[in-house]
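Chain residues, written in single-letter form:
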Amino acid sequence: MNRSRTLAAALALLALSGCARIEPWVKPYERENLADPIMAWDRDPVSSSYIQHVYESREGARGGTGATGGGCGCN
Amino acid sequence: MQLSLSARSLACLLAAACLLGPRAASAGVLPDDRADLMYHYYDGGGVTIDGPSVLVRKKFAEKYAVNASYYVDMVSSASIDVVTRASPYSEQRTQYGFGVEYLRDKVTYAASFSNSKENDYNADTTSFSISQDMFGDLTTVALSFSRGQDDVMRRGASSFREQVDRRIYGIDVSQIASRKLILGLSFETISEEGFLNNPYREVRYCVTSQCLDYDYEFERYPRTRTGNAFAVRGRYYLPYRAALQGDYRWYTDTWDISSHTFEVAYTHPVGERLTLDAHYRFYTQNSADFYSDLFPRQNAQNFLARDKELAAMSSHTVGFGVAYEFRIRGVGFLDKTTVNLRYDRMQFSYDDFRDLRPTGTARPPGTEPLYQFDANVVRLFFSGWF
Amino acid sequence: MSLSGKSGFAALLTGLLALAWPALAIDGAPPAPEFRLASRAGGELSLSGLRGQVVMINFWASWCGPCRQEFPALDEMYRKYKPMGFALVGINVESDKTDAERFLGMQSVSFPILFDPDNRVSGSYGVSAMPTTVLVDRKGHIRWLHRAYKPGDEAEYIAQIRAMLREPS
């Protein structure tokens, strides 16, 4: 089934994290711009989830709006 | 008789994605403690909805975080559906939510629950997500699962009680491409089963074969719907300190709806305290396969819909925002506070949904003007970090 | 600023090993790569000039939340152990000093701040997380590597510093 194949792929991706020997091409001390608050995908979650609610209430499409990651990469 | 909102069919779905969505999780560092207090206002197509939205989040020992939210929609509706078939009404929808997060090494685990209630619809949503940083923290992968259970009721018919069971699976990958560019990819699949339509809405059909007049019968929807959304996005840092973002989403589902969403957004800080935002969004979809503005006869198909949300339509949104950062003297526990105002103007136009409001001149059924309307959306909010 | 011959190897070693654990005892105690950087207080400071003391090198940036959070604890450690032969240098990795200066204006510390704007020293130490804290013994060898910071980590730092302070130079 489509769903279980997708899940399997995702779990495989997570498992790959064990083989993290790829040298990062952006070093942690080079992430100054990415750590800038204006580079966050979602600066104000309350505000952005509301406008997504307005769109989804009036349109047929749903989903696909999530965004994680980025930032300073600290810790 | 009163018609309920199209918005309320979403209460459920949104509770998952909404204020406490697993998206709040970002592996590596838990988000800062903050409280947001927002007033939201929507006015368009004869409907006015406003109310508060509150969110508070707090972390402990950089390992655990909790959040709680409260949201109200106060609705005053004289929408086209209501005006043509019923009388204007008011109602209220209230939503509560809470969530927890746990961070260990580079993995964030999150769980949340929310409940949305209005007089003829209840929605409970439970969500889980796992998010992990990998490949030198350049990549973040998040998996999420959400389960919603809704109760659909009907005012004036106390014996009417139906259910909706909803499952949402999502994968989100965020990739740092360079010192200035971050890319994102999302996939989400939404499966619903149960009573998926609005119990008050009706479709219209031609009464005679020459279709000189029309009458109404209740909508009949399939009991299942599965939709898939694929989205890509990128955010780029401009050298003079500004950010530019582009988004694209493709959505398809088993009701034959296919849609494209394009958005561009620009963020420009001015000085130390001010941040300006602007964005443009374009949305287009085709109609569901059992949708029609006017059916040729009564009981023309197994499934019948005349919900404009399922019609062939497009919308344009232009929006602006201003955020101002300030410090409140005498309130030591707040590190930073901002006041924000955002305004959006939306324009909806329908290719196969007609405006049936009486105009004075009688029009043969099926030749009424196509419906379109504009909406104003305002968000005014205060945020405090502590 | 100069780099010793073995710095490349030390960088690779510390960089690769650091991917595994947040706090790592460095086997074989490789010599710490030499550096000489401009100091905020004026002049320059070199690692060889600190030989004989236990040295903590903290790589930090003003845009890094955990780095900022760590500073008060580092300052306290510095004040307490300096008389016993402990040296602490905070190496700022930002290409532009402005934001670092603004942060230090609000959060002043007593330990020396050095600037590594072209990231050569960060590279030679194989910095793979922000913040990164390296502990060097009195003989100039790297003994401990800490990646990242969470409140409470300073207890580990203190235990390791005290152990190294008891060693002969």
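Quick notes on the rules
Residues numbered from 1 in each chain as written. Chains lettered and ligands numbered in written order. Predicted model: local features only at pLDDT ≥ 70, side-chain atom pairs only at ≥ 80, totals over all residues. Helix = DSSP H or I, 4+ residues; strand = E, 2+ residues; numbered from the N terminus. Buried ≥ 20, exposed ≤ 12 C-beta atoms within 10 Å, placed from the backbone. Contact = placed C-beta atoms within 7 Å. Nonpolar A, V, L, I, M, F, W, Y, C, P; charged D, E, K, R; others polar. Pairing = 2+ DSSP bridges. Axes fitted to C-alpha atoms, helices over the stretch in contact; angles between N-to-C directions.

Let us look at the overall build of chain C. For chain C, the count of helices and strands is five helices and eight strands. Counted from the first residue to the last, chain C has its helices and strands arranged as α-β-β-β-β-α-β-α-β-α-β-β-α. For chain C, with 169 residues in total, the buried portion stands at 41%. Partitioning the contacts of chain C with sequence separation of at least 6, the portion at a separation of at least 24 is 73%.

Let's shift gears to the interface of chain A and chain B. Opposite the 48 residues of chain A that make contact, chain B presents 77 residues. Going through the elements one at a time, α1 (2-16), α2 (32-35) and α3 (45-58) of chain A are the ones with two or more residues in the side of chain A that touches chain B. The biggest single contributor to the side of chain A that touches chain B is α3(A), with 12 residues. A per-class count over the side of chain A that touches chain B returns 20 nonpolar, 19 polar and nine charged.

Residue and element names in this part refer to chain C. In this structure, Pro-131 follows Met-130 across a cis peptide bond, with omega equal to -5°. Locating Pro-131 in the fold gives a position in the loop between α4 (120-124) and β7 (132-136). Located in the positive-phi region is Ala-29, a residue other than glycine, with phi close to 40°. Within the element layout of this structure, Ala-29 appears in the loop between β1 (23-25) and β2 (36-39). According to the C-beta neighbour criterion, Ala-29 is partly exposed, with 15 such atoms within 10 Å. One non-glycine residue with positive phi stands out, namely Asn-119, at about 60°. For Asn-119, the position within the fold is in the loop between β6 (113-115) and α4.

Once that is clear, we can look at the sheet that holds strand β8 (residues 142-147) of chain C. All names here are of chain C. The strand order β1-β8-β7-β4-β5-β6-β2-β3 describes an open sheet built from eight strands, whose pairing is mixed. Pairing within the sheet leaves two strands with one partner each, and these edge strands are β1 and β3 (44-46). Pairwise comparison of adjacent strand axes, ignoring direction, gives a mean angle of 30° for this sheet. Across seven bridges, the pairing between strand β4 (residues 54-60) and strand β5 (residues 86-92) is parallel.

Bringing the interface of chain C and chain B into the picture now. Between chain C and chain B, the contact holds five residues from the first and four residues from the second. For the side of chain C that touches chain B, the class distribution of residues is two nonpolar, two polar and one charged.

All names here are of chain B. Bridge count between strand β5 (residues 107-118) and strand β6 (residues 121-134): 12 bridges; the pairing is antiparallel. By the bridge assignment for β6, Ala-111 is matched with Phe-128. Remark: two residues form the turn of the hairpin made by β5 and β6, two consecutive strands paired antiparallel. Note that β6 and strand β7 (residues 139-154) share 14 bridges and pair antiparallel. Its bridge partner lying in β7, Asp-133 is registered against Thr-140. Counting the residues that bridge the hairpin from β6 to β7 gives four residues, and of these Phe-135 lies at a positive phi of roughly 55°.

As far as function goes, none of this settles anything; it's purely spatial.
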